[in-house]
Amino acid sequence: KYLNEFSGQKLDNYAKIGSSLHEGWVTSVPQLYTDMRTKTAPQVPTTIVLNGGGNDVISVRDDCWAFNDKCRLQIDSAMEIAEKLILRMHDDGVQHIIYLGFYYAFNMTQAADYGTESLKRVCGAAAVDCHVADVRNLDIVVGWDHMHPGDIYLRRPPTSTRPCLFSQHFDLISPITS
């Protein structure tokens, strides 16, 4: 809804709360992409905006609080999946990708830094025009789990901090065209 209001265009949303790049309890981001392509074929979206599971990628919380090898391996594994997904999008004809980076959550500064810098490397090496929206310096209030945005942040009006996420990239956003 927010992106529709900000862009002034009708954008389709295929996001699912709890999705991650890894297979799990909820449909994975790669599977959501496959489902979206099945629904929209033969049309291809010009631009994809995604978070690839967001901070759920660093959801091995205790390990990411300690920023140990298990945390780094989880992030590295997610980046391998992201790399394959971005290549798939390129092969399908997607022209632009805006990938949201990781935000600072309770005691996960190092994990968010490692994840965002890893994502920048993946995007930088992509064959498609790929941008990382670095959200580490935004004041995002996290909820009870110290991981996900809290209700206060989610209910903020779009005139607060969120426009800066996309303002530098929004000229790329356009609806699916045939």
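Residues numbered from 1 in each chain as written. Predicted model: local features only at pLDDT ≥ 70, side-chain atom pairs only at ≥ 80, totals over all residues. Heavy atoms only, no water.

Novice: An account of the pattern of salt bridges is needed here, citing residue identities and associated values.
Specialist: Evaluated as defined, the whole model comprises eight salt bridges. Between Asp134 and Lys120 there is a salt bridge, with its nearest N and O atoms 3.1 Å apart. Of the two residues, Asp134 is situated in the loop between β3 (129-133) and α6 (151-154) and Lys120 in helix α5 (residues 109-124); the sequence distance between them amounts to 14 residues. By relative accessible area, Asp134 is classed as partly exposed at 33%. Through salt bridges with shared partners, a single ionic network connects Asp113, Glu117, Lys120, Asp134 and Arg136. (Salt bridge = Lys/Arg side-chain N within 4 Å of Asp/Glu carboxyl O. Helix = DSSP H or I, 4+ residues; strand = E, 2+ residues; numbered from the N terminus. Buried < 20%, exposed > 50% of the residue type's maximum accessible area, 1.4 Å probe, protein only.)

Novice: So what's going on with helix α4 (residues 69-92)? Residues and values would help.
Specialist: The terminal C-alpha atoms of α4, which comprises 24 residues, lie 34 Å apart, in line with the 34 Å expected from a rise of 1.5 Å per residue. Here α4 has its buried residues at Cys71, Ile75, Ala78, Met79, Ala82, Leu85, Ile86 and Met89. Looking at the buried positions of α4, the neighbouring elements they touch are α2 (29-40), β1 (47-50), α3 (61-66), β2 (96-100), α5 and β3. The N-cap of α4, judged by a side-chain oxygen 3.0 Å from the amide nitrogen of Lys70 a few residues on, is Asn68. Where α4 terminates, the next one or two residues include Gly93, which has phi positive at roughly 105°. (Expected span 1.5 Å × (residues − 1). Contact = heavy atoms within 4.5 Å. Polar contact = N/O pair within 3.5 Å; in protein donor to acceptor, adjacent residues only side chain to side chain.)

Novice: Before we move on, could you go through the confidence of the model for the protein and cite the residues and values that matter?
Specialist: Counting all residues, the mean pLDDT for the protein is 76, and 68% of those residues have values of 70 or more. Note on residues 152-178: pLDDT under 50 across the span, and 63 contacts to partners over four residues away in sequence or across chains. (pLDDT = per-residue confidence, 0-100.)

Novice: Before we move on, could you go through α5 and cite the residues and values that matter?
Specialist: The end-to-end C-alpha distance of α5, which contains 16 residues, comes to 22 Å, matching closely the 22 Å that a straight helix rising 1.5 Å per residue would cover. Ala111, Ala112, Gly115, Thr116, Ser118, Leu119, Val122 and Cys123 are the residues of α5 that are buried. The buried residues of α5 occupy one face: seen down the axis, they fall within an arc of 165°. Opposite the buried face of α5, at more than 90 degrees from it, the exposed residues are Gln110, Arg121 and Gly124. Considering only its buried residues, α5 is in contact with α3, α4, β2 and β3. (Arc of directions from axis to C-beta.)

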